[in-house]
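Tertiary structure, described
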Amino acid sequence: MTGSISGLSRPSQTSDPRGRYYTSPLVSQSLIERIDVSQPKLVLELGSGAGSLCSAAAKRWQDAKLVTVDVDCDAPRPMHASHATPRLKHAHFVHDVLDEALSDRIGLKLGTVDVAVCNPPYIRPKWRSEFGKILEDAGLSGALTSLFDAGADLLFLAQNLRLLRNNGKLGLILPDGLVTAERFSRVRQTLLRQHFVQQVVQLPRGVFKGTEAQTYLAVLTKRGGETGEVSLKQMGADGRLSATIQVGQDAAVKRLDFAFHASRPVSSLRSCDSPAPMSFRQAVTDVVRGSICSSAIPSFPMPVFHLGDFPKPMGERGVRIVPKRFTLGARTAQRMAHDVRLAIPGDILIARVGRSLANQVALVVHGPCVISDCIFALRTTDNYRERLYRFLESDMGRLALGSAAHGVAARFISKSNLFDIHF
Ligand SMILES: C[S@@+](CC[C@H](N)C(=O)[O-])C[C@H]1O[C@@H](n2cnc3c(N)ncnc32)[C@H](O)[C@@H]1O
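Note that the structure is predicted; figures quoted are calculated from it, not measured. (Residues numbered from 1 in each chain as written. Predicted model: local features only at pLDDT ≥ 70, side-chain atom pairs only at ≥ 80, totals over all residues. Heavy atoms only, no water.)

Overview of the overall build of the chain
A tally of regular secondary structure across the chain gives 15 helices and 18 strands. The 423 residues of the chain split such that 55% are buried. Within the structure as shown, the chain displays about 19,000 Å² of accessible surface, and the carbon and sulfur contribution to it stands at 52%. (Helix = DSSP H or I, 4+ residues; strand = E, 2+ residues; numbered from the N terminus. Buried < 20%, exposed > 50% of the residue type's maximum accessible area, 1.4 Å probe, protein only. Areas by Shrake-Rupley, 256 points an atom, 1.4 Å probe, with all protein chains shown as cover.)

What follows is the structure in structure tokens.
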């Protein structure tokens, strides 16, 4: 059994060094309900913390043997904390889940667990060579551009896959990155090809105390056949679930979040005389990202259009116009164009980062202007400008931008996310 892991983790977006964000009873119960197994013999929880998930599991599968593991020796003993009578068929281990030899340490053979439930820590442990072996065994090593990209979430997932038997079920709570980020699309592809990923439920933000992170429930069957379609749902703040949408494997490789797929394409919400839906890729001829970082703005010789400079919304038919004070004279613009990226008249500016990026839009009218690196200028043709602008000002546009964005502490949107939006 190991002691402390303090000092061994790389900086992370979470403030707790061990990623100790405990699952609420509502979310735990919802995850356990989604796992369609009636009488598992062996149930495992890696990173059991205060025991919310394994308590819900123990309540449902009363005859199963339960094994829990956590490195934190101060965490309340899972079953003892939540039940008056300690459970006889429960073994808890204080140990590092990322030990390659975990199965020996906890007395379980690889490939023997019927059901595993897990809410992994979203931290980045310092790389150890044994992590490569854990990923390799789980069939995931080829899915990463660099093995160093693997955070504890992916490593816990891999360790669960090693311990599960074929056709065993894994119920997970996943962070936004694995579900939506482009750099994990090959991880999603590998999982979808090797296992049957049944469903992914987008949880409300703020469901974990102390963090606004976007998280998801996911259930998969190990080696249960290649995934044809995945069911996506969204949970409201009151715990209610939305209707299901089914997405095929290719769409699921792209992203696995309900909000993204629910908002595209929007043809079903159009009236008969609306133009046919099209993608930003078709309508936007160029996306220009500004080149002045926020720290350089105060000393820059010209005004730089930045996140705080978007005018307030002007109502449904109004147009938000970049204020005149940002406009460069023709000569200055010509000179500046060599050194910095400029927005030009006709460009539609949107925010690239920030919590309220979906509400920020403005049209460049008066003349060229300098934009910061937090701003995208969407260049389009006269045919599409009005339609594109109206869409970005609409509720549908805000929804599309909001769901195309990702990131926990800071929300951001990439060019390729933008190009995939339909309007
Ligand atoms: C996000 S919390 C989840 C706790 C619990 N499963 C729940 O859902 O409420 C992650 C847990 O993983 C534990 N943990 C972090 N790194 C670990 C490691 N290397 N080995 C074992 N447990 C670890 C933390 O102590 C914490 O209890």
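Back to the text.
Considerations on the side chain of Thr23
Inspection of the secondary structure assignment puts Thr23 in the loop between β1 (9-10) and α1 (25-33). In terms of polar contacts, Thr23 uses its side chain to reach the side chain of Asn119, at 3.0 Å. Filtering out sequence-adjacent residues up to four positions away, Thr23 remains in contact with Ser28, Ser52, Leu53, Asn119, Ile173 and Phe208. (Polar contact = N/O pair within 3.5 Å; in protein donor to acceptor, adjacent residues only side chain to side chain. Contact = heavy atoms within 4.5 Å.)

Regarding the sheet that holds strand β3 (residues 65-70)
In sheet architecture, strand pairing relies on hydrogen bonds along the backbone and comes in two forms, parallel and antiparallel. With mixed pairing, the nine strands of this open sheet are ordered in space as β4-β3-β2-β5-β7-β9-β8-β10-β11. The sheet is open, and its two edges are formed by β4 (90-94) and β11 (245-248), each paired on a single side. Taking the axes of each pair of neighbouring strands and ignoring which way they run, one obtains an average angle of 15° across the sheet. The sheet strands contacting α1 are β5 (113-118), β7 (164-175) and β9 (215-221), and the helix crosses β9 at an angle near 25°. (Pairing = 2+ DSSP bridges. Axes fitted to C-alpha atoms, helices over the stretch in contact; angles between N-to-C directions.)

Points about the nonpolar core
Judged by nonpolar contacts, the single largest core of 54 residues is most densely connected at Leu44, Leu140, Leu154, Leu157 and Val230. For this core, the leading source of residues is helix α6 (residues 152-163), giving eight residues. Beyond its immediate chain neighbours, meaning those up to four positions away, Leu157 contacts Leu140, Leu170, Leu172, Leu174 and Leu191. One finds Val284, Val287, Ile350 and Ala377 within the second-largest nonpolar core, a separate group that totals 40 residues. (Core = buried A, V, L, I, M, F, W, Y, C linked by side-chain atoms within 4.5 Å.)

Points about the confidence of the model for the chain
Any residue range with low pLDDT should be treated as having predicted coordinates unsuitable for detailed reading. Averaged over all residues, the pLDDT of the chain equals 88, while 90% of them reach at least 70. This model gives residues 1-14 a pLDDT under 50, and the stretch forms 34 contacts once residues within four places in sequence are excluded. Considering only residues more than four positions removed or in separate chains, one finds that residues 266-272, a stretch of pLDDT under 50, has eight contacts. (pLDDT = per-residue confidence, 0-100.)

Details of helix α5 (residues 129-137)
Residues spaced three or four apart along an α-helix face the same direction, because each turn holds 3.6 residues. Three or more residues of α5 are buried, namely Glu130, Phe131, Gly132, Ile134 and Leu135. Positive phi appears at Gly139, one or two residues downstream of α5, with a value of about 75°.

Notes on the sheet that holds strand β12 (residues 284-289)
Reading across from one edge, β12-β18-β15-β16 is the order of the four strands in this open sheet, with antiparallel pairing throughout. Each edge of the open sheet is held by one strand with a lone partner, namely β12 and β16 (361-363). Between one strand and the next, the sheet's axes are offset by a mean angle of 25°, whatever the strand orientation. Of the strand pairs in this sheet, β12 and strand β18 (residues 375-380) are connected by five bridges, and their pairing is antiparallel. Bridging from a neighbouring strand, Asp286 pairs with Arg379 of β18.

Considerations on the environment of Lys254
Tracing the sequence through the fold places Lys254 in helix α9 (residues 249-254). Note: C-alpha distance between Lys254 and Gln189 (65 residues apart in sequence) is 8.6 Å. For Lys254, the contacting residues outside a window of four places in its chain are Thr180, Arg188 and Asp420.

Some remarks on unusual backbone geometry
In this structure, Asn167 takes a positive phi of about 70° despite not being glycine. When you line up the elements, Asn167 lands in strand β7. When its relative accessible area of 46% is taken as the criterion, Asn167 is described as partly exposed. Not every positive phi belongs to a glycine, and Arg223 is a case in point at roughly 50°.

As for the site of the ligand
Not every one of the 22 residues close to the ligand is listed here, only the nearest: Thr23, Glu45, Gly47, Asp70 and Asp96. Here Val71 contributes a backbone N or O atom positioned 3.2 Å from a nitrogen atom of the ligand. In this structure, an oxygen atom belonging to the ligand sits 3.5 Å away from a side-chain N or O atom of Asn119. Calculation on the ligand without its partners gives an accessible area of 590 Å², and the protein chains cover 98% of this total. (Near = heavy atom within 4 Å.)

Re the packing of helix α13 (residues 382-393) against helix α14 (residues 395-404)
Viewed as axis vectors pointing N to C, α13 and α14 meet at an angle of 75°, and their least axial separation amounts to 4 Å. Taken together, the axes of α13 and α14 are roughly perpendicular relative to one another. Here Phe391, Leu392 and Glu393 of α13 come into contact with α14, specifically with Asp395, Met396, Gly397, Arg398, Ala400 and Leu401. Residue composition of the contact of α13 with α14, by class: five nonpolar, one polar and three charged. (Parallel < 35°, antiparallel > 145°, perpendicular 65-115°, else oblique. Nonpolar A, V, L, I, M, F, W, Y, C, P; charged D, E, K, R; others polar.)

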